[in-house]
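Working through the structure, step by step
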Amino acid sequence: MNFFRGVIGGQAAGAQPSGAETIQKLCDRVASSTLLEDRRDAVRALKSLSKKYRLEVGTQAMHHLIHILQTDSSDSEIIGYALDTLFNVISNDDEEEQEENSQKQADDLGAQFTDIFIKEPENVTLILTLLEEFDFHVRWPGVKLLTALLKSQCTQVQAIVLVSPMGVSRLMDLLADSREVIRNDGLLLLQQLTKGNAAIQKIVAFENAFERLLDIITEEGTSDGGIVVEDCLLLLLNLLKNNSSNQNFFKEGSYIQRMKPWFEVGDDNSGWSAQKVTNLHLMLQLVRVMVSPVNSPGATSSCQKSMYQCGLLQQLCTILMATGVPADILTETINTVSEVIRGSQVNQDYFASVNAPSNPPRPAIVVLLMSMVNERQPFVLRCAVLYCFQCFLYKNQKGQAEIVATLLPSTIDANSISAGQLLCGGLFSPDSLSNWCAAVALAHALQDNPTQKEQLLRVQLATSLGNPPVSLLQQCTNILSQGDKIERRTKLEKGSKVQTRVGLLMLLCTWISNCPIAVTHFLHNQDNVPFLTAQISENLGEDERLVQGLCALLLGICIYYNDNSLENCTKEKLKQLIDRRIGKENFVEKLGFINKHELYSRAAQKPQPSFSSPEQMLFDHEFTRLVKELEGVITKAVHKSSEEEKKEEEVKKTLEQHDSIVTQYKELIREQDAQINELKEKVSSMTAQNEQMQSTITQQLAQIQQHKDQYNILKLKLGKDTQQSGGTAEGAQVNGLQLEELEELRRQNAQLQTQLTEKDSLIASLRLESAQSADSTTAVSENAELLKELDMMRGQIQAQSAEISQLRAERQDLLRKVETAVQGGMSTAGGAGDAAKTSELEGRLSAQEAEKLKAEVKGLTESRTGLEQQLASANSTVAILQTEKAKLQKEVTESKKEQDELLVLLADQDQKIQALKEKLKELGELVEDEDDLDSRDQFDDEDEDEDEDGEEDEPNP
């Protein structure tokens, strides 16, 4: 212990040891001491020296400290000292006010020590294992050390953590720690861990990170929270940005709905703290990550739908129209709303319906456009409004039509400010930035919409009093030519009007592209083509090259989309003009100036206009797409000769004819396919029917053959002596006929019996229904008569049934006789007494009996015919009875309804009479009760009856 006193601060005899020597002695003590206390004191001393002697401690003690972590894990105090020492050696955060060179050396030193530490991946795994220890003195230094390793060598440490078993899960447990300092440092650790590693981001997300982070944000007060909320939002941005899997998981988990309370700002928006501004800025960025244009269209559309349904878009629009919101928050909110509505028809329709809280209320679009064309507004805010307007019109033909309609003469309202008026005002404003923004906004109202391009040709502008109005198209070209003349005459600063001219040229190119009518209107002005050729052919400075390229593009569009309706400006004449005045190669070279501009590629990267200064606003994202589409085709169109164009037109016509022929053949083939399919179905059904019929025929042929065999056997057995007596054969034939007829009669009688049974059940049901419906005396009497008729018919049917039963009994007797005769005939197949038995059979089946059987069969047939007629009449009678029963039921229902109404009226009348009686009693009048009146009326009636009886009896003595 005396040794440590001397090292750490005590006075030692002789010369004071250097720092390197002291650290060497401490390292030897750590390596050689057998007592835990001695090692602990040595490590604590190294910790105290690690900041001042960072290089010496790192080079000499790192190996011993790692060994301590491996062997003394049971003692939390020495583990904590070792982790703190390693953190001081590796971390660069504690370097105070160092110069640039010394700071760079410190960073290099931390990276070198980190490389030494992670050279053995087991060291990182060892720290992850130590993080499972709940002791504060172990867990907190372990979190800080791992964070420092990630800051120094992020990619290598991420790879080690990724392959470590349960590595990410152990780190996720830090968010559930009840000690805020560990939880907060755990957030910083996870921020470093999830940077740029999609695999770790997915694992963290599926470890329920979204739920925990949103809970922490809510607990800390959402946007009013502190730095912890900011750390949670930064971690969420790491997990969701450019990670479609996590974005889909976030949406499917209904976490978008939990973002709505973040944007509930109060009426008093004054005095926002810097932390609140930062938090809300990150929250808006988180919303934009979910609906970014770089995401897949399906995922973006789904998130936009969820944001509208849960009310998040409505909440953002409320912030948009609120007062007192800081400028940077308002700008970011406009950008966020822009991407939430971009390409979503439902969201765009809702945004069009939002009104600003002004008097009178104005649409939010108008209010935003007023800010865009106001040169006193901040530049970033004007860019955000332009982006919002572009997103509102993106794939929104309905919105485009509404904007263009505000410019048409029939819809202009002089008492209100419209979007079209603001755009025209900005288009012809002296502010070049307003010119450019208005031109780009108006171009987006025409994007991919030929109908609105034609509608905009109707717009007329009043230039000055006494002068006729000019079209908007002509006014744009006038500004181009006049601006060029003014700039040259006044010798303004170089490129001061380039922004205005570029904006107008982009508008004109968008307007007349893919619209031959607009091209015709543009070429109708004879000054336009000379102006364009003059601009292209001149050798101007570097800043004017872009204008020359755009003029070449505009002239090329006039050639490519020319329908040759103007004789002086056909395709061929324009190309000849280019060849004479400019030269084809020079024209193509000037056309190539557009995509070679440094700001062109920047605008082509993303839809949002992001510029550091107003002078850089030259290109629009959608216009760059138009240039890519048209540059190649315009170059080909300029180089083609008239003969080649004629050939191409002939080829096009041939292809169109070929396409029409192919289309006709396709339709014919479709019809034939439908017919073939129909015929196939018919063939299939007919094949099935044929197979079924074939099987039926086969069965019937087998039965016929079987009957023939039986018949031949009987004929052989019974007809040995047919030459001597032909009566037996005739009797057998008669018996065969009788058997078939009797079988047919048996089947028909069974059918009649079934029908009679059904009629019995129907009569019983009619009787039951008639008994239930007999509520009035008239209905009861009629039903009684009907029932009598039914009983009579039932008696007749029963008599017929008895007759049928008698016939059936006779038939059974006849059958028994025939069977006895057949058996007797079969038993005569052999023996000496065959002749006697055959004579007996011939006697039984004599001709007289055959005639008798025929007569009985005929009688049965006539009886069956009569029964069928009676059954038909019974059916008609039953139908009549059913009709009458339905009428009776309807009359009974109507009678009941009338009685109910009368009862209601009588009850009302009684109440009124009773009320009048009560009033009369109150007034003192004598009122007799109803019972007294009834009894008096009864006595009066009896007296009258007696008088009448007396008068009638007087003539009789």
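Residues numbered from 1 in each chain as written. Predicted model: local features only at pLDDT ≥ 70, side-chain atom pairs only at ≥ 80, totals over all residues. Heavy atoms only, no water.

Bringing the overall build of the protein chain into the picture now. Per the secondary structure count, the protein chain includes 41 helices and four strands. In the protein chain, which comprises 957 residues, the share counted as buried stands at 41%. Carbon and sulfur atoms provide 51% of the accessible area of the protein chain, an area that totals close to 52800 Å². (Helix = DSSP H or I, 4+ residues; strand = E, 2+ residues; numbered from the N terminus. Buried < 20%, exposed > 50% of the residue type's maximum accessible area, 1.4 Å probe, protein only. Areas by Shrake-Rupley, 256 points an atom, 1.4 Å probe, with all protein chains shown as cover.)

Turning our eyes to something else, we now look at a nonpolar patch on the surface. Judged by side-chain polarity, Ile661, Tyr665, Leu668 and Ile669 come together as a nonpolar surface patch covering roughly 380 Å² of accessible area. Residue placement: Ile669 occurs in helix α36 (residues 642-718). (Patch = residues over 30% accessible without salt bridge, like charges linked within 9 Å, V, L, I, M, F, W, Y side chains within 5 Å. Salt bridge = Lys/Arg side-chain N within 4 Å of Asp/Glu carboxyl O.)

With that settled, consider the environment of Ile557. Mapped onto the elements of the fold, Ile557 is located in helix α31 (residues 545-560). A residue is classified by how much of its surface remains accessible, and Ile557, at 0% relative accessible area, is buried. Ile557 has contacts with Cys509, Ile512, Ser513, Val519, Asn562, Leu630 and Ile634, leaving out every residue within four places of it along the chain. (Contact = heavy atoms within 4.5 Å.)

A few words on a negative patch on the surface. Together, Glu891, Glu894, Glu898, Asp900 and Glu901 give the surface a local cluster of negative charge. Considering the arrangement of structural elements, one finds Asp900 in helix α40 (residues 847-922). (Lys, Arg positive; Asp, Glu negative; His and termini not counted. Charge placed at Lys NZ, Arg CZ, Asp CG, Glu CD.)

Okay, the packing of aromatic side chains next. Taken as a whole, this structure holds 11 aromatic pairs when the rule is applied. The interplanar angle of 25 degrees and the centroid separation of 5.4 Å between the aromatic rings of Phe136 and Trp140 together place this pair among those described as stacked. One end of the pair, Phe136, and the other, Trp140, are both in helix α8 (residues 136-152), four residues apart, so they sit about a helical turn from each other. Overall, the relative accessible area of 26% leaves Trp140 in the partly exposed class. One aromatic cluster is present, formed by Phe206, Phe210, Phe249, Phe250 and Tyr255 through successive ring pairs. (Phe/Tyr/Trp six-rings, centres within 6.5 Å; stacked < 30°, edge-to-face > 60°.)

When pLDDT drops low, the exact placement of atoms in the prediction is not to be read closely. Per-residue confidence for the protein chain gives a mean pLDDT of 79, with 73% of residues at or over 70. A low-confidence stretch, residues 1-14 stays under pLDDT 50, and its non-local contacts, those more than four residues away or across chains, total 11 contacts. Here residues 824-846 is a poorly scored stretch, pLDDT under 50, and it has 20 contacts once near neighbours within four places are set aside; other chains count. (pLDDT = per-residue confidence, 0-100.)

Moving on: the pattern of salt bridges. Throughout the structure, instances matching the rule amount to 21 salt bridges. Measuring nitrogen to oxygen at the nearest pair gives 3.2 Å for the salt bridge that ties Arg39 to Asp72. One end of the pair, Arg39, is in helix α3 (residues 36-49); the other, Asp72, is in the loop between α4 (54-71) and α5 (76-90), and 33 residues separate them in sequence. For the residue pair Arg39 and Asp72, the accessibility class agrees, reading buried in each case.

Of note, Gln390 is situated in helix α22 (residues 379-393). Reaching out from Gln390, the side chain makes a polar contact with the side chain of His444 at a distance of 3.5 Å. When sequence neighbours within four positions are dropped, the list of residues in contact with Gln390 reads Val440, His444, Pro607, Pro609 and Asp620. (Polar contact = N/O pair within 3.5 Å; in protein donor to acceptor, adjacent residues only side chain to side chain.)

A positive phi angle, close to 55 degrees, is found at Asp448, a residue other than glycine. Considering the arrangement of structural elements, one finds Asp448 in the loop between α25 (432-444) and α26 (450-456). On the accessibility criterion, Asp448 (58% relative accessible area) is exposed. Despite not being glycine, Asn564 shows a phi value in the positive range, around 60 degrees.

The next subject is helix α24 (residues 419-427). α24 sits mainly inside the fold: seven of its nine residues count as buried. Buried within α24 are the following residues: Ala419, Gly420, Leu422, Leu423, Cys424, Gly426 and Leu427.

Turning our attention to helix α13 (residues 209-219). Among the residues making up α13, those that are buried are Ala209, Phe210, Leu213, Leu214, Ile216 and Ile217. The buried residues of α13 occupy one face: seen down the axis, they fall within an arc of 155 degrees. Next to the buried residues of α13 lie α10 (167-172), α11 (180-193), α12 (198-206), α14 (227-240) and α15 (244-252). Positive phi appears at Gly221, one or two residues downstream of α13, with a value of about 100 degrees. (Arc of directions from axis to C-beta.)

Attention shifts here to the packing of helix α19 (residues 327-341) against helix α20 (residues 345-353). Following both chains from N to C, one finds α19 and α20 inclined at 135 degrees, their axes separated by 8 Å at the closest point. The angle between α19 and α20 falls in the class oblique. Seen from α19, the contacting residues are Val337, Val340 and Ile341; seen from α20, they are Asn347, Gln348 and Phe351. (Axes fitted to C-alpha atoms, helices over the stretch in contact; angles between N-to-C directions. Parallel < 35°, antiparallel > 145°, perpendicular 65-115°, else oblique.)

Now for the environment of Leu86. The residue Leu86 is located in helix α5 in this model. With 21 residues separating them in the primary sequence, Leu86 and Leu65 have C-alpha atoms 7.6 Å apart. Not counting chain neighbours up to four residues away, the residues in contact with Leu86 comprise Met62, Leu65, Leu69, Phe117 and Leu145.

Put simply, helix α28 (residues 498-512) and helix α29 (residues 516-524) touch, their axes get as near as 8 Å, and they point 130 degrees apart. Of the possible angle classes, the one that applies to α28 and α29 is oblique. In this structure, α28 contributes Leu508, Trp511 and Ile512 to the contact, and α29 contributes Ala518, Val519 and Phe522.

For the rest of this paragraph, the subject is the side chain of Ser481. Relative to the assigned elements, Ser481 resides in helix α27 (residues 472-490). Looking at Ser481, its side chain comes within polar contact range of the main-chain oxygen of Asn478, at 3.0 Å.

Attention now goes to the environment of Cys317. Within the secondary structure layout, Cys317 lies in helix α18 (residues 312-321). Expressed as a C-alpha distance, the spacing of Cys317 and Thr333, which sit 16 residues apart in the sequence, is 8.3 Å. In this structure Cys317 touches Val337, Tyr350, Phe351 and Val354, once residues within four positions along its chain are discounted.

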